[in-house]
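Observations on the model geometry
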Amino acid sequence: SIAGATVSYNPFFGSHWSQTADGSQIEILRGTVCETIDMLSDFAERVGDRLPRFKISDEEASDAVYGVFHTWDTDEPTKALIGALGAYFVRIAEHATVRRGDLLESNGDGCARVQKNRHMLSSTIGKVSAAVVIETYPDGSYLVPCTLHCG
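Thresholds, definitions, all that
- Residues numbered from 1 in each chain as written.
- Predicted model: local features only at pLDDT ≥ 70, side-chain atom pairs only at ≥ 80, totals over all residues.
- Heavy atoms only, no water.
- Helix = DSSP H or I, 4+ residues; strand = E, 2+ residues; numbered from the N terminus.
- Buried < 20%, exposed > 50% of the residue type's maximum accessible area, 1.4 Å probe, protein only.
- Polar contact = N/O pair within 3.5 Å; in protein donor to acceptor, adjacent residues only side chain to side chain.
- Contact = heavy atoms within 4.5 Å.
- Salt bridge = Lys/Arg side-chain N within 4 Å of Asp/Glu carboxyl O.
- Pairing = 2+ DSSP bridges.

**Notes on the side chain of Arg91**
In this structure, Arg91 sits in strand 7 (residues 80-92). Residue Arg91 is classed as buried on the basis of its relative accessible area, which comes to 9%. Only 3.0 Å separates the side chain of Arg91 from the side chain of Thr32, close enough to count as a polar contact. Beyond its immediate chain neighbours, meaning those up to four positions away, Arg91 contacts Leu29, Arg30, Gly31, Thr32, Gly110, Cys111, Ala112, Tyr137, Asp139, Ser141, Tyr142 and Leu143.

Take a look at the structure:
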């Protein structure tokens, strides 16, 4: 929206295109924590050779956290959107309890957990904006609204 000389992006959600290592579309739940890998996406040359491929996070407190899975592109099914900044959701591990204001890091299984300290780190995914469960998955993990801080 525009009000005078002020431009606002409301609500803001920033994401990056990415691909899996082999370029395939895998089944992945919304809000799943993702890490970069040392490969660039096939379409990287179209956006300045800067978009890495991703994997579901499998390392606790990973410094390579890229964001959280949003969706697959309907026009190019090998392109995933990985949310990295702004207001979105993060998938929390089944037995983890979160509170508003908690910082989150990778649990090592595609889910997030509460970070052990209260400082923004290279492993920080985001901050819980409301301790409200948006959706619960069959494995017991669940989504909560967060502000993302990893992109």
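**Notes on unusual backbone geometry**
For Ala61, which is not a glycine, the phi torsion comes out positive at approximately 55°. Taking the relative accessible area as the measure of exposure, Ala61 reaches 26% and is therefore partly exposed.

**Focus: the environment of Ala5**
Topologically, Ala5 is positioned in the loop between strand 1 (2-3) and strand 2 (6-7). When its relative accessible area of 83% is taken as the criterion, Ala5 is described as exposed. Sequence spacing of Ala5 and Thr147 is 142 residues, and the spatial spacing of their C-alpha atoms is 26 Å.

**A short note on the pattern of salt bridges**
All told, the structure shown has nine salt bridges when counted by the stated rule. Asp58 serves as the salt-bridge partner of Lys55, at 3.0 Å between the closest nitrogen and oxygen. Overall, the relative accessible area of 30% leaves Lys55 in the partly exposed class. A salt bridge links Glu105 to Arg113; its shortest N-O distance comes to 2.9 Å.

**Considerations on the pairing of strand 4 (residues 33-40)**
Relative to strand 6 (residues 65-72), strand 4 runs antiparallel, the two being bridged by three bridges. Following the sheet pairing, Cys34 is matched in strand 6 by Gly67. Note: strand 4 against strand 5 (residues 52-56), four bridges, orientation antiparallel. Of the residues in strand 5, the one forming a bridge with Glu35 is Lys55.

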